[in-house]
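So you can see what is in the structure, the chains are spelled out below.
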Protein chains: 2
Amino acid sequence: MRDVPDVVDAAKRGLLGRPERTERLVRTLLPKRLALPVFASDALSSVAYAPDEIFLTLALAGASAVLVSPWVALAVVVVLVTVVASYRQNVRAYPSGGGDHEIVSKNLGPRAGVLASSALMVDYVLTVAVSASAGAHYFGTALELPHGPELALACGIVLLLTLVNLRGTRQSGRGVALLTYAFMLGTGLVVVVGAVRHLLGGLPEASSAVFEVVPQPGFDEGLLGLAGGLLVLRAFASGSAALTGVEAVANGVPLFREPKARNAATTLGLLGAIGATLLLGTVLLARATGVRFVEDPATQLVLAGGPVPADYRQVPVLGQVAHAVLDGVPWLAVGVTALTGVILVLAANTAFNGFPVLASVLARHGYLPRQLHTRGDRLVFSNGIITLGVGAAVLVWVLDASVTRLVQLYIVGVFTSFTLSQLGMVRHWTRALRTELSGPERVRMLRARVLNALGLAMTATVLVVVLVTKFTRGAWVTVLAIVGIGAVMTWVRRYYTRVSADLALDPDPAADRALPSRVHAIVLVARLHKPTVRAVAYARASRPSTLEAVTVALDRGEVAQLEEAWDALDVPVPLKVLDSPYRELSRPFVEYVRGLRRASPRDVVVVYVPEYAVEHWWERLLHNQSTVRIKRQLAQVPGVVVAAVPYQRD
Amino acid sequence: MRDVPDVVDAAKRGLLGRPERTERLVRTLLPKRLALPVFASDALSSVAYAPDEIFLTLALAGASAVLVSPWVALAVVVVLVTVVASYRQNVRAYPSGGGDHEIVSKNLGPRAGVLASSALMVDYVLTVAVSASAGAHYFGTALELPHGPELALACGIVLLLTLVNLRGTRQSGRGVALLTYAFMLGTGLVVVVGAVRHLLGGLPEASSAVFEVVPQPGFDEGLLGLAGGLLVLRAFASGSAALTGVEAVANGVPLFREPKARNAATTLGLLGAIGATLLLGTVLLARATGVRFVEDPATQLVLAGGPVPADYRQVPVLGQVAHAVLDGVPWLAVGVTALTGVILVLAANTAFNGFPVLASVLARHGYLPRQLHTRGDRLVFSNGIITLGVGAAVLVWVLDASVTRLVQLYIVGVFTSFTLSQLGMVRHWTRALRTELSGPERVRMLRARVLNALGLAMTATVLVVVLVTKFTRGAWVTVLAIVGIGAVMTWVRRYYTRVSADLALDPDPAADRALPSRVHAIVLVARLHKPTVRAVAYARASRPSTLEAVTVALDRGEVAQLEEAWDALDVPVPLKVLDSPYRELSRPFVEYVRGLRRASPRDVVVVYVPEYAVEHWWERLLHNQSTVRIKRQLAQVPGVVVAAVPYQRD
């Protein structure tokens, strides 16, 4: 097997770089001006898709229904502000950065903690899937690509992020900050210029304003009636996608400079304010410019009585608004669109920072397979990064990079996390209040509890609305995933606990250390060639109490030849032939070894297995795998040592 | 790993039955009246698809072009008769049943032999794929299924045959004979009744005669011009599919009763005559009843100016003829159609007899992996059966059970075999004639050589025609497969030869038997738990010259804890700690072992690896696989024995 590791190694080195020494593991702390942009990508990028979801949901009831979009956005902003205020309490109470996972398990018990971690992992995967897909659409718009390559583009983004993170490339904080500030500046410019032009009365129409929106069957009354009411609720639920990313700050507290909690809380507040402004601004301007955005342009849009052109590419709402507002400087609008794509990629990247760390922590506590806990050569949690990348790529692939369908799954996960965490916080304050009976601290705690309770009410409401309006439209997948992963985690934890109890040394380890009285050695013989002779020599060198060679008679003629050759070899080791009426190799041999052990249970049996050390993995296919099976079965027999004697070609 | 084998075993027993004792391997010899039907299915079943291929190819140039179909069929019959006469010589000259493989390698050398074997294996796979697909279409017709389930049906047939053959079920010769005779009777009846009604002038039209056939672009002149001429050649090449199956008799000579060669030759002659009659009869009647059969009914058929109904199911030519001729007794026509399907399944089954035996012979001679040579529990060559089943299923799947597309591949393979084998025979007679200088035997040989040369000319011509007219339509796949498999076989053979030379004992085996002077034992320690303690105890029990425990420092804190616990354990074995700046487990350890060996090259190093014996395969996922890697790397170090010490839960 000399070659393969070399080839794989070379490829790995080329892609990922040389291994890093453990000492290089240091943590750089972020000043606020860098922390804001680092977390901003995740929290603000949702403005790239949340307005789209509001518009396309309302558009089911026709163009007039879209007019209520600012009210829906306002409702989302109210929830956003409440949740931000609420999370500022979380950050202050749990500055260690355990985030939702820690809050929930400390206050609601380990079961709820498992559920919260599971939801958080699902959220990370969906963050990548949603952001990469939305990013692909923005890049497609900015580069004016024909419709179609979004799926490939989105998968490419996921692959790229996976490789970059496996390399362990530290994002230059300055570069990220520059891009994020540019994005804030660009979108801020759009909102301000748009507002001014609107007030002055010179705001142009969006290019899609010429289309008519066909109300879908069942929505003939617009937003009146039950169907209409439910539609507004659905739009609100979809728009809540704008809240995703808020929790990232809470999980990242340790990355802030001192005073960590306060700096994190300030950053969170700032992000909330910026996000709310952007969302409201975009939706108001989209309404003012008459933006049309629907689920399926081919059937829902009509141009002068006929369908839209087949190659019509629907530009995201933010992009349409930018183009309408900045109609004099199209390159600037294209720039804002492209920047939005970049910010979405950065948002996906934050999950690549968060997920592997979370998985590693969970693995350390025995909730996930141990392989997720170890750092690879580049000092990153390689297995976690690969898991995240594969999970996100599969989701993108299966849902065809459709942001709308992915967002349905995303919101459920995010609001499950929010709700559990707020519930945990309410419990936290209630407990704390039991000991803190008076004074200003008590007042502060009471106020904090009110804020968290308000957050809980809001997020729980949204969660219920989402589940009710979206359950059949994909929300069940997330629910199933969260519960399923939670169940697996519980099971894994139980398994590790059991194994480690089984393997722990007894307080008086004398029993474990008792030496076997004798050693019986057996050499497994299939043919008589150099490896066999070498195995016999090594077995003899270890001077066992008894030594014999054993072969299984698969073919009578061959066995007779073997016996003859064995006699000619003239070694002082008898050859025993085992019968095998069913031409099995492993069963008779393993039974024989088992019998030996039964006869003398205090002895140990060492089985020497001659092996040919293949040089290349594919050579393995050309050798019988029967010894693999024998070794596996012998592993189940107590008191047996399987000694492989590899023979190398010179 | 207790459970899995049990579950797999139970499933295997349920599907395949209990294992068989070696003694049950006996061979039953076939009298002629049973041999004819056994081989008939393969040779005659081609009449089920060969006419279809002739018709659909000619139909590209419109309905009038189809009128030449009997002439094309006649040309095919001429080739068929020649090849049969030629193969009768093969059978007489090589009665041992080595078939084409033996003839080619004996006369044209091992390289050509490899190519012939490769072609033969490809043919077997294609026999299954073509017959199962055609069978599925016949069953679909007989059962009047809606269009669509053919792919599933064909895959089902392949799966069924794979399972039946893995079970090793001996087909009741009587049952097969009954079905085959019924098929011959049924199709014979159709031909005779059809001929009589035609001569009496009362032959009705086929139901598809009402359609018009639209000539395809490029064939506006019908069969005139170059395009038309090539089309007739293509039709001839496609019709040559009727010859497939002839070689099966030559490979099956040992199954005949004595005098084997003569009985086989008689059977071959009979089959040739029956096949030729059926083919010509079917094509003549199809022309007389105005059968329409095209590649794509939706675009090529027109009914009263409009396209055919969307749910139109195109019935195979033989089926259409049967329905037209037997229009008074439709159940009989349906019976003939269904029987044809059954015969096709039996034809596919013959490949399941031939392929595994061929693969086993090739594996015995080192041309294929050894696993193909061993008989499974049910005394059949299980690996060969599985390989054939998977190969055929993949082909059926990829080509969507399209008989037309599969036949393109099939013909190339079959005619490659034919041509090589005839060439070998010509060479055979030429050589034999060198020694046989006079007498009646010489005359017989000269006559035989003429026959084989004629066969060679015919089959080579067809092969060239097929390659020229079909190369881009799929023939290249077969060419590539034959050459590719041939290359792999040559390489495998070379590999086995090299390995067995390397491993063969020296004439004076003293060097091999020299005992190592000392034994150094090392226990690999990761953590201190029961498996480690047991490994240490077993290592001590074998009383090595030196014994030490070795651990790799992945995490400094953990190592310090381990050292402390080790001291507390109080065993007379020192613990050595190896540094690992890059957090690798295997490299420092393997380097250490390598260093030990370098210091004392005449000693042997035994590495004891404590292992936890998992009970279920999925538990393996929860344990670090690092020892697997260490063991694999140690296998490359000469003079090292890897002793696994498994620890079982009580």
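Residues numbered from 1 in each chain as written. Chains lettered and ligands numbered in written order. Predicted model: local features only at pLDDT ≥ 70, side-chain atom pairs only at ≥ 80, totals over all residues. Heavy atoms only, no water.

1. Describing the overall build of chain A
When helices and strands are tallied, chain A shows 22 helices and eight strands. Its C-alpha atoms give chain A a radius of gyration of 33 Å, more than 25% over the compact-globule value 26 Å for 650 residues. For the C-alpha atoms alone, the extent of chain A along its principal axes is close to 110 × 70 × 50 Å. A buried classification covers 56% of the 650 residues belonging to chain A. Considering only contacts within chain A whose residues lie at least 6 apart along the sequence, 81% involve residues at least 24 apart. Here chain A displays about 27,700 Å² of accessible surface, and carbon together with sulfur accounts for 63% of that area. (Helix = DSSP H or I, 4+ residues; strand = E, 2+ residues; numbered from the N terminus. Rg over C-alpha atoms; globule rule 2.2 N^0.38 Å. Buried < 20%, exposed > 50% of the residue type's maximum accessible area, 1.4 Å probe, protein only. Contact = heavy atoms within 4.5 Å. Areas by Shrake-Rupley, 256 points an atom, 1.4 Å probe, with all protein chains shown as cover.)

2. A word on the sheet that holds strand β4 (residues 519-524) of chain A
Taken in spatial order, the 10 strands of this open sheet run β6(A)-β5(A)-β4(A)-β7(A)-β8(A)-β8(B)-β7(B)-β4(B)-β5(B)-β6(B), and their pairing is mixed. The sheet terminates laterally at β6 (575-579) of chain A together with β6 (575-579) of chain B, the two strands that pair on one side only. On average, each strand axis in the sheet is inclined to that of its neighbour by 30°, with strand direction left out of account. In the packing of helix α20 (residues 556-569) of chain B onto the sheet, contacts are made with β5 (546-553) and β6 of chain B, and the angle to β6(B) comes to roughly 170°. (Pairing = 2+ DSSP bridges. Axes fitted to C-alpha atoms, helices over the stretch in contact; angles between N-to-C directions.)

3. Here we look at the side chain of Ser586(A)
Looking at the secondary structure, you find Ser586(A) in helix α21 (residues 586-599). Beyond its immediate sequence surroundings of up to four residues, Ser586(A) is in contact with Arg629(A), Ile630(A) and Gln633(A).

4. Looking at the sheet that holds strand β3 (residues 306-307) of chain B
Taken in spatial order, the three strands line up as β1-β2-β3 (chain B) in an open sheet, and their pairing is antiparallel. Of all strands in the sheet, those with a lone pairing partner are β1 (212-213) and β3 of chain B, marking the two edges.

5. Observations concerning the pattern of salt bridges
In this structure the tally under the stated criterion is 14 salt bridges over all chains. A salt bridge links Arg444(A) to Glu441(A), with the nearest nitrogen and oxygen atoms 3.3 Å apart. One end of the pair is Arg444(A) and the other is Glu441(A), both in helix α16 (residues 440-470) and three residues apart, which spans about a single turn. With relative accessibility at 31%, the residue Glu441(A) sits in the partly exposed group. Among the ionic pairs, Arg197(B) bridges to Asp327(B), the shortest N-O distance being 2.9 Å. (Salt bridge = Lys/Arg side-chain N within 4 Å of Asp/Glu carboxyl O.)

6. What to know about the packing of aromatic side chains
Residue and element names in this part refer to chain A. Summed over the entire model, instances satisfying the criterion amount to 12 aromatic pairs over all chains. When the ring of Tyr 87 is compared with that of Phe 418, the centres are 5.6 Å apart and the planes differ by 70°; the resulting orientation is edge-to-face. With Tyr 87 in helix α4 (residues 69-93) and Phe 418 in helix α15 (residues 403-435), this residue pair connects regions lying 331 residues apart in the sequence. In this pair, the class of Tyr 87 matches that of Phe 418, namely buried. The rings of Tyr 87, Phe 415 and Phe 418 are connected pair by pair, giving a single aromatic cluster. The side chain of Arg 493 reaches across the aromatic face of Tyr 367, ending 4.9 Å from its centre. (Phe/Tyr/Trp six-rings, centres within 6.5 Å; stacked < 30°, edge-to-face > 60°. Lys NZ or Arg CZ within 6 Å of the ring centre and 35° of its normal.)

7. Side note on the packing of helix α2 (residues 32-44) of chain B against helix α10 (residues 260-288) of chain B
The relative placement of two packed helices is expressed as an angle between their axes plus a distance between the axes. Residues and elements named next belong to chain B. Contact geometry for α2 and α10: axes closest at 10 Å, N-to-C directions at 45°. On the basis of the axis angle, α2 is oblique to α10. Where α2 crosses over α10, the handedness of that crossing is right-handed. When α2 is examined against α10, the residues Lys 32, Ala 35, Leu 36, Phe 39, Ala 40, Ala 43 and Leu 44 are found in contact with a partner set consisting of Asn 263, Thr 266, Thr 267, Leu 270, Leu 271, Ile 274 and Gly 275. (Parallel < 35°, antiparallel > 145°, perpendicular 65-115°, else oblique. Left-handed = near helix turned anticlockwise from the far one by under 90°.)

8. Some words on the environment of Gly275(A)
Residues and elements named next belong to chain A. Take Gly 275: it is sitting in helix α10 (residues 260-288). Between the C-alpha atom of Gly 275 and that of Val 246, which follows or precedes it by 29 residues, the distance is 9.9 Å. When near neighbours in sequence (up to four residues on either side) are disregarded, Gly 275 contacts Leu 44 and Leu 80.

9. Observations concerning the pairing of strand β8 (residues 640-647) of chain A
Look at any regular strand and the pattern is simple: side chains alternate between the two faces of the sheet. With respect to burial, β8(A) is a largely interior element, eight of its eight residues being buried. Across the two faces of β8(A) the burial is the same, with Val640(A), Val642(A), Ala644(A) and Pro646(A) and Val641(A), Ala643(A), Val645(A) and Tyr647(A) all buried. With eight bridges connecting them, strand β7 (residues 604-612) of chain A and β8(A) associate as parallel partners. Bridge pairing in β8(A) links Tyr612(A) to Tyr647(A). Where β8(A) meets strand β8 (residues 640-647) of chain B, three bridges bridge the pair, whose relative direction is antiparallel.

10. Observations regarding the pairing of strand β4 (residues 519-524) of chain B
All names here are of chain B. With six of six residues buried, β4 is to be regarded as a mostly interior element. Because side chains alternate across β4, one face comprises the buried residues Val 519, Ala 521 and Val 523, and the other comprises His 520, Ile 522 and Leu 524, equally buried. Of the strand pairs in this sheet, β4 and strand β7 (residues 604-612) are connected by five bridges, and their pairing is parallel. Bridge pairing links Ile 522 to Val 607 in β7. Alignment of β4 against β5, held across five bridges, turns out to be parallel. Its bridge partner lying in β5, Val 523 is registered against Ala 549.

11. Some thoughts on the confidence of the model for chain A
Residues and elements named next belong to chain A. For chain A, the average pLDDT comes to 85, and 92% of its residues sit at 70 or higher. The least confident element of chain A, judged by mean pLDDT, is helix α1 (residues 3-16) at 55; the most confident is β4 at 93. This model gives residues 1-5 a pLDDT under 50, and the stretch forms 14 contacts once residues within four places in sequence are excluded. The ipTM assigned to the predicted complex is 0.73, against a pTM of 0.72. (pLDDT = per-residue confidence, 0-100.)

12. Observations concerning a nonpolar patch on the surface
All names here are of chain A. On the surface, a cluster of nonpolar side chains totalling about 500 Å² of accessible area is made up of Ile 386, Val 390, Val 394, Trp 397 and Val 398. Counting through the fold element by element, Val 394 comes out in helix α14 (residues 382-398). Using a relative accessible area of 46% as the deciding quantity, one classes Val 394 as partly exposed. (Patch = residues over 30% accessible without salt bridge, like charges linked within 9 Å, V, L, I, M, F, W, Y side chains within 5 Å.)

13. Notes on α2(B)
Given 3.6 residues per helical turn, the α-helix brings residues three or four places apart onto the same face. Residues and elements named next belong to chain B. The sharpest bend along α2 measures roughly 25° and falls at Val 38. Among the 13 residues that make up α2, 10 are buried, leaving the element largely enclosed by the rest of the structure. Listing the buried residues of α2 in full gives Leu 34, Ala 35, Leu 36, Pro 37, Phe 39, Ala 40, Ser 41, Asp 42, Ala 43 and Leu 44. (Bend = angle between axes of the 7 residues up to and from the residue.)

14. Concerning the environment of Ala475(A)
All names here are of chain A. If you trace the backbone, Ala 475 turns up in helix α17 (residues 475-503). When its relative accessible area of 0% is taken as the criterion, Ala 475 is described as buried. C-alpha of Ala 475 to C-alpha of Val 559: the two residues are 84 residues apart in sequence and 65 Å apart in space. If near-sequence neighbours (up to four positions away) are discounted, Ala 475 is found in contact with Leu 409, Val 412, Leu 467 and Lys 470.

15. Remarks on the environment of Gln408(B)
Residues and elements named next belong to chain B. Along the chain, Gln 408 falls in helix α15 (residues 403-435). The spatial distance from the C-alpha of Gln 408 to the C-alpha of Val 79 is 18 Å, given a sequence separation of 329 residues. Once residues within four sequence positions are removed from consideration, Gln 408 is found in contact with Lys 470 and Arg 473. A polar side-chain atom of Gln 408 sits 3.2 Å from the main-chain carbonyl oxygen of Thr 404. (Polar contact = N/O pair within 3.5 Å; in protein donor to acceptor, adjacent residues only side chain to side chain.)

16. Points about the side chain of Ser600(A)
Its place among the elements puts Ser600(A) in the loop between α21 and β7. Of note is the side chain of Ser600(A), whose polar atom sits 3.5 Å from the side chain of His520(A).

17. Observations regarding the packing of helix α5 (residues 99-142) of chain B against helix α13 (residues 330-364) of chain B
All names here are of chain B. One can describe the packing of α5 onto α13 by two numbers: an axis separation of 8 Å at closest approach and a directional angle of 150°. Taken as axis vectors, α5 and α13 run roughly antiparallel relative to one another. Of the two possible hands of crossing, α5 and α13 adopt the one that is left-handed.

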